[in-house]
Each structure stands twice: as structure tokens, then as C-alpha cells.
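The primary structure of each chain is shown beneath.
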Amino acid sequence: MSSTNKTNVVAEAGKQEVFITREFEAPRHLVFKAFTTAELYAKWVGPCDFKMRIDKFEPYSGGSWRYVHVNPAGDEFGFHGVTHELTAPERIIGTFEFDGLPEKGHVVMETVRFTELPGNRTKVTIQMVYQSVADRDGMVAAGMEYGMRESHEKLDELIASGGLE
């Protein structure tokens, strides 16, 4: 089942932030569960042809996480962060950092909001604030939008299959 919902990515020129919005055909508590349950998260986050290995997943205020995407050639791309606040099923605030940069400290502050919609649907709004416009532009140029769209399509498939129940 292909969703008619589309991932909207807004990255205004000269700004340090990206806004991503997407609606899902599932109740808010189930969409929130997909973001906060390691087994589910590993099924939908990342490009379709990549596998995910979760090294650490602590979905609570003060917890930390790390996962690695592995492409078909076996190349690994690690990401890590800290959860600053987790308010179920409304909001997650935390950091996000790509391990593969030549220098550390290119941390992104990310807020994910889950809004209940009529008909057991959910709107997810993600605000990502980068430390510089260059950091933000680099992430966009690296294919972030493509990866987000594919991730959301995989989440649609997980919802349609009953995999969040």
C-alpha cells in the first residue's frame, strides 16, 4: 500500500534549520511507539537498501542512542545522540550527530512533535537546528531529504502491515 501522504522538507536559504512534516495513517500513540521502540525504529529509519544496527537505544529523558546504517557494499555510517526530553506521546527533543565527519561537534538539535489528527491519524513535525548554515547545507546535500522520504515510506508500510500494533 502506497500512502498519498508526502514528506515535506523545508530548508530556507541562509537559515540554520530544516522543518520536516509528514502525516501518517495511524494514531499518535502508535507513531510515537515507532520512534521510541528499538525493534520498530530499526525497521523504518534509513534508505531502503540500507540495514540498521542499533548499538544503544535509551528512549527516555537523559538517555542516549547510537545506530549504524550499512549500505549494500558493507560501508558503515554511524549516528549518535542524547535524548534531552521525551514526553509521551507528544514530543521528543534530542541531539543528532553523524560519526563520519572529520571533526566532532557538528551537533544538530532536533525536536519531533506528534499531533493527533481526526480519523486516527498523526502529523509529525520535525525541526532540526544546525550549528551553522554550512552544516545544514552539507546535510541537505548529502541526501537527507531522500533518506527521510524513504524512511517515511517504510513507516507507512509498517503501519499498513499492522506492524505497530
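My aim in this report is to walk through the structure given alongside it, one point at a time.

1. Quick word on the packing of aromatic side chains
And step 1. Counted by the stated rule, this structure contains 12 aromatic pairs.
And step 2. Judged by centre distance (5.5 Å) and plane angle (40°), the ring pair of Tyr 67 and Phe 79 falls under tilted. On the criterion of sequence distance, the pair formed by Tyr 67 in strand S4 (residues 64–70) and Phe 79 in strand S5 (residues 76–87) is long-range, its members being 12 residues apart.
And step 3. Taken together through their ring pairs, the aromatic side chains of Phe 32, Phe 35, Tyr 41, Trp 44, Phe 57, Trp 65, Tyr 67, Phe 79, Phe 96, Phe 98 and Phe 114 make up a single cluster.

2. Let's talk about the side chain of Thr 83
And step 1. Structurally, Thr 83 can be placed in strand S5.
And step 2. Given a relative accessible area of 8%, Thr 83 falls into the buried group.
And step 3. Once you skip the residues sitting within four places of it in the chain, Thr 83 turns out to touch Glu 58, Tyr 60, Ser 61, Gly 62, Gly 63, Trp 65, Ile 92, Ile 93 and Gly 94.

3. Some remarks on helix H4 (residues 144–160)
And step 1. Taking 1.5 Å of rise per residue, the 17 residues of H4 would be expected to cover 24 Å, and the 24 Å separating its terminal C-alpha atoms lies within 8% of that figure.
And step 2. Of the residues making up H4, those classed as buried are Met 144, Gly 147, Met 148, Glu 150, Ser 151, His 152, Lys 154, Leu 155, Asp 156, Leu 158 and Ile 159.
And step 3. Positive backbone phi, approximately 80°, marks Gly 162, located one or two places after H4.

4. Quick look at the nonpolar core
And step 1. Ranked by size, the top nonpolar core spans 34 residues in total, and within it Phe 35 and Leu 155 carry the most contacts.
And step 2. Beyond its immediate stretch of four places on either side in the chain, Phe 35 contacts Tyr 41, Trp 44, Phe 57, Ile 92, Val 112, Phe 114, Val 124 and Leu 155.

5. Regarding the environment of Phe 57
And step 1. Within the secondary structure layout, Phe 57 lies in strand S3 (residues 51–57).
And step 2. Residues Phe 57 and Val 18, spaced 39 residues apart in sequence, show a C-alpha to C-alpha distance of 24 Å.
And step 3. Those residues in contact with Phe 57 that lie beyond four places of it in its chain are Phe 35, Thr 36, Thr 37, Ala 38, Tyr 41, Ser 64 and Trp 65.

6. Topic: the sheet that holds strand S6 (residues 91–98)
And step 1. Taking strand neighbours across the sheet as the criterion, the eight strands line up as S1-S2-S8-S7-S6-S5-S4-S3 in an open arrangement whose pairing is antiparallel. Two strands bound the open sheet, and with one partner strand each, they are strand S1 (8–10) and S3. In this sheet, adjacent strand axes meet at a mean angle of 20° when their direction is disregarded.
And step 2. Across six bridges, S5 lies against S6 in antiparallel orientation. The residue bridging Thr 83 from the neighbouring strand is Gly 94, located in S6.
And step 3. Of the strands in this sheet, strand S2 (17–24), S3, S5, S6, strand S7 (108–117) and strand S8 (121–129) touch helix H1 (residues 28–36), which is tilted by about 155° from S7.
And step 4. Here H4 sits on the sheet in contact with S1, S2 and S8, set at roughly 20° to S2.

7. Remarks on the pattern of salt bridges
Side chains bearing opposite charge may pair, as long as their charged atoms lie close to each other.
And step 1. Across all of its chains, the model carries 11 salt bridges by this definition.
And step 2. Glu 85 is paired through a salt bridge with Arg 91; the nearest N and O atoms lie 2.6 Å apart.
And step 3. Assessed through its relative accessible area of 22%, Glu 85 is described here as partly exposed.
And step 4. The network of salt bridges with common partners includes Arg 53, Asp 55, Arg 66, Glu 76 and Asp 99.

8. Some remarks on the pairing of S4
And step 1. Across the seven residues that make up S4, a large majority, five, are buried.
And step 2. In this sheet, S4 lies alongside S3 in antiparallel orientation, the contact comprising six bridges. Looking at the pairing, Met 52 lines up with His 69 of S4.
And step 3. Between S3 and the antiparallel strand that follows it, S4, lie six residues; Gly 62 among them carries a positive phi value of about 90°.
And step 4. In this sheet, S5 lies alongside S4 in antiparallel orientation, the contact comprising seven bridges. What sits directly across from Val 68, in S5, is Gly 78.

How each quantity is defined
- Residues numbered from 1 in each chain as written.
- Predicted model: local features only at pLDDT ≥ 70, side-chain atom pairs only at ≥ 80, totals over all residues.
- Heavy atoms only, no water.
- Phe/Tyr/Trp six-rings, centres within 6.5 Å; stacked < 30°, edge-to-face > 60°.
- Helix = DSSP H or I, 4+ residues; strand = E, 2+ residues; numbered from the N terminus.
- Buried < 20%, exposed > 50% of the residue type's maximum accessible area, 1.4 Å probe, protein only.
- Contact = heavy atoms within 4.5 Å.
- Expected span 1.5 Å × (residues − 1).
- Core = buried A, V, L, I, M, F, W, Y, C linked by side-chain atoms within 4.5 Å.
- Pairing = 2+ DSSP bridges.
- Axes fitted to C-alpha atoms, helices over the stretch in contact; angles between N-to-C directions.
- Salt bridge = Lys/Arg side-chain N within 4 Å of Asp/Glu carboxyl O.

Keep in mind these values describe shape, not function.
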